[in-house]
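Here is how the chains run, residue by residue.
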Amino acid sequence: MKMELIQPFINAADAVLAQTLHCPTRIGDVSMEQEAYRRKGVASLVTINGDIEGRIIFDIDPKTAAKVASTLAGSAMEANDDVARETVCELANMVIGSAITTLNDQGFHFKIQPPVVHMAEMGEESHEDEEALVMCFDTGNGNVFMNIALRYNNKKREELRSN
């Protein structure tokens, strides 16, 4: 996995989380995995197709989601599954929006599918040529997990090799 593909998502997640949770964030556990993703709380899946292919999963526990939702709404929100689902999708929109701007500015062309709630306990296994970067953002208000599995599509890979 190329850092130039994932760094915009890491930077965007760090900035969005710090802003929405009103506290500093730090990247905690980081690992590379080929196994299927195991959901930790309420998760949102975003699919990318084009020069870049793959998916990003945002995963948040309901208590942390309620804190984020309260900040976004400007009033206290109760921790429940509906709030968590809406919040994780909104976080995904905010992070993806920031990251794709950076990637578009670098000349990549792709389509982003809207976030969907990821309900399965486990996600699909990664392909032989695809690993997922799994990272935990530690915040003073809870943990948020991001699972990134991105790669250049075959045409883009060939184009990059010939340049």
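Numbering of residues begins from 1 in every chain and follows the order in which that chain's sequence is written. Where local features are concerned, this predicted model is filtered to residues with pLDDT of at least 70; where side-chain atom pairs are given and counted, the filter is 80 or more; whole-chain, interface and lining totals use all residues. No hydrogens and no water enter the side-chain calculation; it runs on all heavy atoms of the structure.

Engineer: I'd like a description of the environment of D51, backed by residues and values.
Structural biologist: Strands here mean DSSP runs of E at least two residues long; helices mean DSSP runs of H or I at least four residues long; both are numbered from the N terminus. Within the fold, D51 resides in the loop between strand 2 (42–50) and strand 3 (52–60). On the basis of relative accessibility, which here comes to 16%, the residue D51 falls in the buried class. Taking the C-alpha atoms as reference points, D51 and H109, separated by 58 residues in sequence, lie 5.5 Å from one another. Throughout, exposure labels follow a simple rule: accessible area from a 1.4 Å probe, protein chains only, divided by the maximum for the residue type, with under 20% read as buried, over 50% as exposed, and the rest as partly exposed.

Engineer: Describe the pattern of salt bridges, naming the residues involved and giving the relevant values.
Structural biologist: By definition here, a salt bridge exists when the distance from a side-chain nitrogen of Lys or Arg to a carboxyl oxygen of Asp or Glu is within 4 Å. The final tally for this structure, using the stated rule, is three salt bridges. A salt bridge links E53 to R151; the shortest N-O distance between them is 3.6 Å. In this pair, E53 sits in strand 3 while R151 sits in strand 7 (residues 142–152), placing the two residues 98 residues apart along the sequence. In this structure, R85 and D82 form a salt bridge, with 2.5 Å as the shortest nitrogen-oxygen distance.

Engineer: Could you give an account of the pairing of strand 6 (residues 132–139), naming the residues involved and the relevant values?
Structural biologist: For strand 6, the tally of buried residues reaches eight of eight residues, placing the bulk of the element in the interior. Here strand 6 shows a buried face lined by A132, V134, C136 and D138 and a second buried face lined by L133, M135, F137 and T139. One requirement defines pairing of two strands: DSSP has to find at least two bridges between them. Pairing of strand 6 with strand 7, which is carried by seven bridges, proceeds in the antiparallel orientation. Note that in strand 7 the partner of C136 across the bridge is F145. The turn joining strand 6 and strand 7, which pair antiparallel and follow one another in sequence, is formed by two residues.

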